[in-house]
Amino acid sequence: MENNNYSILLVDDEPDIVEFLGYNLRRDGFTVHTCNNGKDAIDSAIEHLPHLIILDIMMPGIDGIEACRAIRSVDSLKHTIITFLTARGEDYKQIEGFDAGADDYIRKPISPRVLVARIKALLKRFEQSQKSDKRLIIHLNDLMMDRERFVVEKTGKNISMSRKEFDLLFMLTSRPDKVFTRDEIFEQVWGNDVIVGERTIDVHIHKIREKIGIDAIRTIKGVGYCYTLAS
């Protein structure tokens, strides 16, 4: 993976963090844009269309959660990778962040080497997800998914989903009635080299169920999930 093919938007209201992390990301070959508040983050994301956004949560004015929601509402940014920077005491914000469309969390403080490794893992997983399934369109009853356009429709109505929600639903619907273990889901959607919380899958499944409005995704207690056609 050539890092200089990827652009990153780094957003934090602490200038020292922006300077330190930005320097190390550029040194590793990434194109880096920076800003220090939520409003500028939204404007910069629309202007530069970065591949990945690192977004601080606690910022004055428009905070990271609100900025994430605004970014996700822009069609050209719906599938941009968004990871939050979070202090240990902000763990309670994780579910709200995933609801807003976040793909991952990175906890402060973090060493530059670990940050670069996490970013590479996220970008690598995104690359692989684009190549892993040759089928581009899935039709199941009144549900349609188009991988090439990242479109989900139910009874002809478009359903907005984050990239991780899309990847997870596409995985489940690609093999109806197959039970995917939690380990399989983590590996194929997030990657074993990306560390996410234990409730990450559950939160995403909950949001998908709400959005598609049908109880087709079954929970297999102690094992994982499957998409059943018998719903």
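All values reported here derive from a predicted model rather than from experimental measurement. (Residues numbered from 1 in each chain as written. Predicted model: local features only at pLDDT ≥ 70, side-chain atom pairs only at ≥ 80, totals over all residues. Heavy atoms only, no water.)

Attention now moves to the overall build of the protein chain. Secondary structure assignment for the protein chain yields eight helices and twelve strands. Counting contacts in the protein chain only where the partners sit at least 6 residues apart, residues at least 24 apart contribute 60% of the total. (Helix = DSSP H or I, 4+ residues; strand = E, 2+ residues; numbered from the N terminus. Contact = heavy atoms within 4.5 Å.)

The subject of this paragraph is the sheet that holds strand S7 (residues 143-146). Read from one edge of the open sheet, four strands run S6-S7-S8-S9, paired in antiparallel fashion. Both edges of this open sheet fall to strand S6 (137-140) and strand S9 (157-158), since each of them pairs with a single strand only. With four bridges joining them, S7 and strand S8 (residues 151-154) adopt antiparallel strand pairing. Bridging across to S8, Leu143 finds its partner in Lys154. (Pairing = 2+ DSSP bridges.)

Moving on: the side chain of Arg72. Considering the arrangement of structural elements, one finds Arg72 in helix H3 (residues 64-72). Given a relative accessible area of 8%, Arg72 falls into the buried group. One polar contact links the side chain of Arg72 to the main-chain carbonyl oxygen of Gly101, over a distance of 2.9 Å. Excluding its chain neighbours within four sequence positions, the residues that come into contact with Arg72 are Leu77, Lys78, His79, Thr80, Ile82, Ala100, Gly101, Asp103 and Ser162. (Buried < 20%, exposed > 50% of the residue type's maximum accessible area, 1.4 Å probe, protein only. Polar contact = N/O pair within 3.5 Å; in protein donor to acceptor, adjacent residues only side chain to side chain.)

The next thing to look at is the sheet that holds strand S11 (residues 217-220). Spatial ordering of the open sheet is given by S10-S12-S11, a layout of three strands whose pairing is antiparallel. Either end of the sheet is taken by a strand with one partner, and the two such strands are strand S10 (180-181) and S11.

It is worth spelling out the pattern of salt bridges at this point. Per the counting criterion, the structure on display carries twelve salt bridges. Of the charged contacts in the structure, one is a salt bridge between Lys120 and Asp28, with a shortest N-O distance of 3.2 Å. A residue pair is termed long-range when its members are at least 10 positions apart, and Lys120 in helix H5 (residues 112-131) and Asp28 in the loop between helix H1 (15-27) and strand S2 (31-35) qualify at 92 residues. With a closest N to O distance of 2.8 Å, Asp104 and Arg118 form a salt bridge. Here Arg118 lies in helix H5 and Asp104 lies in strand S5 (residues 104-107), a separation of 14 residues in the sequence. Overall, Asp104 belongs to the buried group, its relative accessible area being 1%. In this structure Arg118 comes out as buried when scored by relative accessible area, which is 11%. Each of the salt bridges in this network shares a partner with another, and the network as a whole consists of Asp12, Asp56 and Lys108. (Salt bridge = Lys/Arg side-chain N within 4 Å of Asp/Glu carboxyl O.)

Turning our attention to helix H7 (residues 182-190). Working note: α-helix, 3.6 residues per turn, so residues spaced by three or four point in the same direction. Ile185, Phe186, Val189 and Trp190 are the residues of H7 that are buried. Down the axis of H7, the sector holding all buried residues measures 100 degrees, keeping them to one side. Gly191 sits one or two positions beyond H7 and adopts a positive phi of about 90 degrees. (Arc of directions from axis to C-beta.)

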